[in-house]
Amino acid sequence: MDLVSQLSSFMEFLTSLPGIYLLCFFGFSNFLENVFPPWPGDTFTVFSGFLASSPQTDIALWQLILATLVGNWAGALLMFYFGKKVIHFLRHSQSTWIRNHYQEESFEKTIGGFRKYSGLLIIVSRFSAGIRFFVAIVAGISKMNPFSFLFYYSIAITIWCGLLISAGFKLGKNWEQINVMLAAYNQIITIFLCLVAVCLGIYYFYRKREQS
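By convention here, each chain's residues receive numbers from 1 onward along its written sequence. Where local features are concerned, this predicted model is filtered to residues with pLDDT of at least 70; where side-chain atom pairs are given and counted, the filter is 80 or more; whole-chain, interface and lining totals use all residues. With hydrogens and water stripped out, all remaining heavy atoms of the structure feed into the side-chain values.

(A) Spatial organisation of the environment of Ser 16. Among the secondary structure elements, Ser 16 is positioned in the loop between α1 (3-14) and α2 (19-35). Relative accessible area decides the class of each residue, using a 1.4 Å probe on protein chains only: under 20% of the type maximum gives buried, over 50% gives exposed, and in between gives partly exposed. Among the residues examined, Ser 16 registers a relative accessible area of 54% and is labelled exposed. Along the backbone, Ser 16 and Gln 56 are 40 residues apart, and their C-alpha atoms lie at a distance of 8.7 Å. The numbering of helices and of strands both runs from the N terminus, where a helix is a DSSP run of H or I of at least 4 residues and a strand a run of E of at least 2.

(B) Expanded view of the nonpolar core. For our purposes a nonpolar core is just a set of buried Ala, Val, Leu, Ile, Met, Phe, Trp, Tyr and Cys residues, chained together by side-chain atoms within 4.5 Å. Membership of the largest hydrophobic core comes to 22 residues, with the highest contact counts inside it found for Phe 114, Ile 122, Ala 139, Met 144, Phe 149 and Tyr 153. Of all the secondary structure elements, the ones that give two or more residues to this core are α4 (61-92), α6 (104-116), α8 (132-141) and α9 (146-171). Aside from chain neighbours lying at most four places away, what touches Ala 139 is Phe 80, Phe 114, Met 144 and Phe 149. Judged by nonpolar contacts, the second largest core, of 15 residues, contains Met 11, Leu 14, Leu 23 and Phe 47. Pairs of residues are marked as contacts when any of their non-hydrogen atoms sit within 4.5 Å.

(C) Representation of the packing of helix α3 (residues 41-53) against α9 within the structure. Remark: α3 packs on α9, axes separated minimally by 6 Å, with the N-to-C direction vectors making an angle of 50 degrees. By the criterion of interaxial angle, the relationship of α3 to α9 is oblique. In terms of crossing hand, the pair formed by α3 and α9 is right-handed. Contact residues: Asp 42, Thr 45, Val 46, Ser 48, Gly 49, Phe 50, Ala 52 and Ser 53 in α3; Trp 160, Cys 161, Leu 164, Ile 165, Gly 168 and Phe 169 in α9. Charged means Asp, Glu, Lys or Arg here, nonpolar means Ala, Val, Leu, Ile, Met, Phe, Trp, Tyr, Cys or Pro, and polar covers whatever is left, Gly included. Looking at the contact of α3 with α9, its residues break down into eight nonpolar, five polar and one charged. As a rule, the C-alpha atoms of each element are fitted with a line to give its axis, helices using only the stretch in contact, and angles between N-to-C directions run from 0 to 180 degrees. Throughout, the term roughly parallel applies to angles under 35 degrees, roughly antiparallel to angles over 145, roughly perpendicular to angles from 65 to 115, and oblique to all others. Should the near helix be turned anticlockwise from the far one by less than a right angle, the crossing is left-handed, and should it be turned clockwise, the crossing is right-handed.

(D) Main features of the packing of helix α7 (residues 118-125) against α9. With their axes 8 Å apart at the nearest point, α7 and α9 run at an angle of 35 degrees to one another. Note on packing geometry: the crossing formed by α7 with α9 is right-handed. Mapping the contact onto sequence places Gly 119, Ile 122 and Ile 123 in α7 and Phe 149, Tyr 152, Tyr 153, Ile 155 and Ala 156 in α9. The residue makeup of the contact of α7 with α9, split by class, is seven nonpolar, one polar and no charged.

(E) Molecular detail of the packing of aromatic side chains. Each pair of aromatic rings taken from Phe, Tyr and Trp, with Trp reduced to its six-membered ring, is defined by centres within 6.5 Å and is described as stacked if the planes are under 30 degrees apart, edge-to-face if over 60, and tilted in the remaining cases. Per the counting criterion, the structure on display carries 12 aromatic pairs. Taking the centre distance of 5.2 Å and the plane angle of 20 degrees together, the rings of Trp 39 and Phe 44 count as stacked. Here Phe 44 falls in the buried class, since its relative accessible area comes to 2%. Ring geometry for Phe 80 and Tyr 81: centres 5.2 Å apart, planes at 90 degrees, overall edge-to-face. According to the relative accessible area criterion, Phe 80 is buried, its value standing at 0%. Put simply, the rings of Phe 25, Phe 26, Trp 39 and Phe 44 pair up and form one aromatic cluster.

Structure, rendered in structure tokens:
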């Protein structure tokens, strides 16, 4: 049985669960997406919207939204504080290799760009499965105020997850059409980000060569 068939079978199993178990699962799914990027969190979020619209399940839309928010908050905060531990480890590590390669001045210059546009980056990152995982960690590394982080992150998940849940709710049994569009969307975003990375790399390469 391939992965798609396994996923379909698992979703059929989910429809048979009581509402409270469904809410716990969808909350955990959103949590897991933040700490384990390969998890198909967006797919389950769309599916949750479909189930909320189905008379066969006893979950209300507001309950689903709350479970989604709580799961995302828990996962994001875990990675945020993991980022704080990472920078503490780098600064106080006794490893000779880390001491030789970690330079505080260079690090501060690198992280300075994130600090300047942190709110915008947190919101925009939610729309790319490829970078959303790293933003909470970087926010923790940059010592961002946790309440500010949660504020911007809440805006991001309200927009993105709201769109996915609404799509699943409106399309009903045709919710799988969203997965096709998500796959195409993620491919386009990935190509776009790669092009941006290449352009930035070329820009900084020539800028550094001109300064030397």
